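Topology and contacts: notes
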Amino acid sequence: GFGSSLASASACAYLVDLTERHHLRPYRGLIVGAQGGLIAVGYVLGPAIGGLLTDAFGAQTAYCVVAALTAGCAALYTTLPEVPAAVCAAAAST
């Protein structure tokens, strides 16, 4: 709900800021569109895979897999490049 909409908006804004680089500008729509498409695939496959894991190994295993994936994502988020302040200022002025 509310948290998902905040995360989605901030992720899209981050991608737009990253694609301010000259060599990425022509691909901005493709990159943002791919992100939206991958999220949609996650909404479809996530429950199906969760159901299969739960049926095969039990709910505790399914929750452990989700916890491991969440921890992996959190670790990967720490490696994302920071958007330079000049890019943020330029994007805010347009």
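Description of the structure in this document. The structure presented is a predicted model; accordingly, all values stated were derived computationally and were not measured.

Turning to the overall build of the protein, a few remarks are in order. When helices and strands are counted, the protein shows four helices and zero strands. Radius of gyration (C-alpha) of the protein: 17 Å, far over the 12 Å computed for a compact globule of 94 residues. When the backbone C-alpha atoms are referred to their principal axes, the protein occupies close to 50 × 25 × 25 Å. Per-residue burial over the protein gives 9% buried out of 94 residues. Total accessible area computed for the protein in this model is approximately 6,900 Å², and 73% of it derives from carbon and sulfur atoms.

Moving on, we get to helix α2 (residues 28–57). Here α2 spans 41 Å end to end across 30 residues, near enough to the 44 Å set by a 1.5 Å rise per residue. Within α2, the axis deviates most sharply at Leu45, by approximately 30°, and proline Pro47 lies no more than four positions further along. The positive-phi residue at the C-terminal boundary of α2 is Gly58, with phi of around 100°.

Interhelical geometry of helix α1 (residues 2–18) versus α2 gives an angle of 150° and a closest axis separation of 9 Å. Comparing the axis directions of α1 and α2 gives the class roughly antiparallel. As for how α1 packs across α2, the hand of that crossing is right-handed. Residues Ser4, Ala11, Cys12, Leu15 and Val16 of α1 form the contact with α2, whose participating residues are Arg28, Ile31, Val32, Gln35 and Tyr43. Across the contact of α1 with α2, the residue classes break down as seven nonpolar, two polar and one charged.

On to the side chain of Gln35. Structurally, the position occupied by Gln35 is in helix α2. Excluding its chain neighbours within four sequence positions, the residues that come into contact with Gln35 are Ala11, Cys12 and Leu15.

All right, on to the packing of α2 against helix α3 (residues 59–77) then. As a packed pair, α2 and α3 sit with axes 7 Å apart at the nearest point and diverge in direction by 135°. Of the possible angle classes, the one that applies to α2 and α3 is oblique. Within the contact between the two elements, α2 uses Gly50, Leu53, Thr54 and Phe57 and α3 uses Ala59, Thr61, Ala62 and Val65. Considered class by class, the residues forming the contact of α2 with α3 number five nonpolar, three polar and no charged.

So, how was this worked out
- Residues numbered from 1 in each chain as written.
- Predicted model: local features only at pLDDT ≥ 70, side-chain atom pairs only at ≥ 80, totals over all residues.
- Heavy atoms only, no water.
- Helix = DSSP H or I, 4+ residues; strand = E, 2+ residues; numbered from the N terminus.
- Rg over C-alpha atoms; globule rule 2.2 N^0.38 Å.
- Buried < 20%, exposed > 50% of the residue type's maximum accessible area, 1.4 Å probe, protein only.
- Areas by Shrake-Rupley, 256 points an atom, 1.4 Å probe, with all protein chains shown as cover.
- Expected span 1.5 Å × (residues − 1).
- Bend = angle between axes of the 7 residues up to and from the residue.
- Axes fitted to C-alpha atoms, helices over the stretch in contact; angles between N-to-C directions.
- Parallel < 35°, antiparallel > 145°, perpendicular 65-115°, else oblique.
- Left-handed = near helix turned anticlockwise from the far one by under 90°.
- Contact = heavy atoms within 4.5 Å.
- Nonpolar A, V, L, I, M, F, W, Y, C, P; charged D, E, K, R; others polar.

Keep in mind these values describe shape, not function.
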